[in-house]
Amino acid sequence: MGLTIEMDSRPHRKNGVTARRRVIEAPSAPAVPTTLTTPFEKTVALVTTPMTSSVPSTNCPIQHTFRYLVRELDVSALDDILGYLWLAGPYARKTGALHRHQVLGRHVTACEEAGLHLVTHRNTLFIKPIPPCLLHYDFVEKHIAPVPELRHIMLGFLSTYLRLIQHESDFHIALNSRLVPSTVTYADWLKFAQSLQDSLTIKYPGNPTPYPPTLRTFNNRFDFGELRLSRLNLIMRFFRGQIIQGYLIADSDYTSYFRPFFAQIILVYAYLGIALGAFQVVQGGNNPAEAVVQTGYWMAIVTLWLLAAAAIIPAIWFSMLFIRNIMYARSSEARDDALV
């Protein structure tokens with residue numbers, strides 16, 4: 001019987017996401033590998049170091065490979081809201097190349113969490129570097145290809161790099177941002193990308209392959225390109241009930257966290273103030289229409305209620321967030337004490 005791992009991404013400070021439980025079962029014995037299950041040819045593998053007692057370029061023992069891969073490629077939080085991701089960003093085919101993001105003034109930041117891969121926050125684009133083990137032919141053939149779900153996620157993840165690196169300038173941006181191993185050259189990348197692209201391209205019998213080719217879909221997070229963190233937070237709050245946490249709190253202090261909310265409140269009250277001033281001017285004239293008087297009256301009442309809500313709701317929100325952080329700190333301290 002194989003090893004079964006259930007990933008339950010409960011809210012935590014590193015990721016802060018509540019995701020569904022996903023079950024991935026490892027085969028009880030390694031399947032007989034074939035070249036058909038590995039998405040690139042052995043001759044173009046970018047990592048060719050001999051297999052050792054640990055996962056390539058890590059200190060993870062080889063016997064814990066499956067657990068390592070499940071955590072390294074975990075995008076279950078985004079898969080859980082797959083039906084709403086169209087609200088957060090475009091489909092994968094519209095993913096911009098790295099140089100395009102620089103043109104837009106975005107700073108590329110390496111982030112090791114798969115759940116933040118291709119997530120944008122203000123002028124920052126988070127990208128997960130390619131784990132060297134995914135570029136090692138023998139490792140992929142032995143440990144990933146026999147597990148369909150892991151292979152499926154790996155293919156989706158690698159396909160994003162086919163869109164991110166489309167020119168030599170994109171490759172050098174990726175190299176300088178530590179997204180690909182430093183030993184890889186552009187010529188090596190072209191061979192690897194072509195082999196990977198051939199295995200992911202949708203073939204049309206009797207018709208030539210179009211350019212740029214149409215890549216297959218994955219029915220998971222990787223069917224979408226860049227996702228806005230602000231939209232992901234809204235989706236989690238409105239459709240998953242994560243009112244306080246959202247998808248990820250990217251601010252390190254309360255002032256930064258609440259600043260966008262107060263900016264929106266000030267904008268709303270600026271418009272309401274102008275409208276109330278206009279009603280006051282109209283009502284000051286000779287014999288104003290009764291409808292205008294009534295409308296101005298009710299708008300003033302609504303404005304007062306909104307003003308009260310703007311004072312009460314942030315206070316309640318702050319209290320809930322503060323209590324949550326205190327509870328998390330205490331629970332973390334209790335776990336640390338248990339380990340001593």
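Here's what I pulled together on the structure shown here.

The rules behind the values
- Residues numbered from 1 in each chain as written.
- Predicted model: local features only at pLDDT ≥ 70, side-chain atom pairs only at ≥ 80, totals over all residues.
- Heavy atoms only, no water.
- Helix = DSSP H or I, 4+ residues; strand = E, 2+ residues; numbered from the N terminus.
- Buried < 20%, exposed > 50% of the residue type's maximum accessible area, 1.4 Å probe, protein only.
- Contact = heavy atoms within 4.5 Å.
- Areas by Shrake-Rupley, 256 points an atom, 1.4 Å probe, with all protein chains shown as cover.
- Core = buried A, V, L, I, M, F, W, Y, C linked by side-chain atoms within 4.5 Å.
- Phe/Tyr/Trp six-rings, centres within 6.5 Å; stacked < 30°, edge-to-face > 60°.
- Salt bridge = Lys/Arg side-chain N within 4 Å of Asp/Glu carboxyl O.

Here we look at the overall build of the chain
Across its full length, the chain carries 10 helices and six strands. In the chain, which comprises 340 residues, the share counted as buried stands at 43%. Sequence-distant contacts, at least 24 apart, represent 68% of the contacts inside the chain between residues at least 6 apart. Carbon together with sulfur atoms contributes 60% to the accessible area of the chain, which is approximately 19,200 Å² in total.

Let's talk about the nonpolar core
Within the largest apolar cluster, 53 residues are counted, with the highest numbers of intra-cluster contacts made by Leu98, Ile127, Ile130, Tyr161, Ile165, Val180 and Trp189. Listed by contribution, the elements that provide at least two residues to this core are helix H1 (65-72), strand S5 (124-127), helix H4 (137-144), helix H5 (148-164), helix H6 (168-176) and helix H7 (186-200). Ranked by residues supplied to this core, first place goes to H5 with nine residues. Ignoring any residue separated from it by four or fewer positions in sequence, one finds Ile165 in contact with Leu98, Asp170, Phe171, Ala174, Val180 and Trp189. With 17 residues, the next largest nonpolar core counts Phe224, Leu227, Leu229 and Leu248 among its residues.

A word on the side chain of Thr120
Turning to its location among the elements, Thr120 is positioned in strand S4 (residues 119-121). When residues no more than four places from it in sequence are discounted, the contact partners of Thr120 are Arg106, Leu125, Glu226, Leu227, Arg228 and Leu229.

Side note on the packing of aromatic side chains
Centre distance and the angle of the planes are the two values used to describe a pair of aromatic rings. Following the criterion strictly, the structure yields 10 aromatic pairs and no others. Judged by centre distance (5.6 Å) and plane angle (50°), the ring pair of Phe171 and Tyr186 falls under tilted. Placement of the pair is Phe171 in helix H6 and Tyr186 in helix H7, with a sequence separation of 15 residues. Among the aromatic side chains, those forming a connected cluster through ring pairs are Phe40, Tyr137, Trp189 and Phe192.

Some details on the pattern of salt bridges
Scanning all chains against the criterion turns up four salt bridges. Across the pair Arg240 and Asp80 runs a salt bridge, and its minimum N-O distance is 3.4 Å. Residue Arg240 is located in the loop between helix H8 (229-239) and helix H9 (254-283), and its partner Asp80 is located in the loop between helix H2 (76-79) and helix H3 (98-103); the two are separated by 160 residues in the primary sequence. The class of Asp80 is buried, set by a relative accessible area of 19%. Lys128 is paired through a salt bridge with Glu112; the nearest N and O atoms lie 3.6 Å apart.

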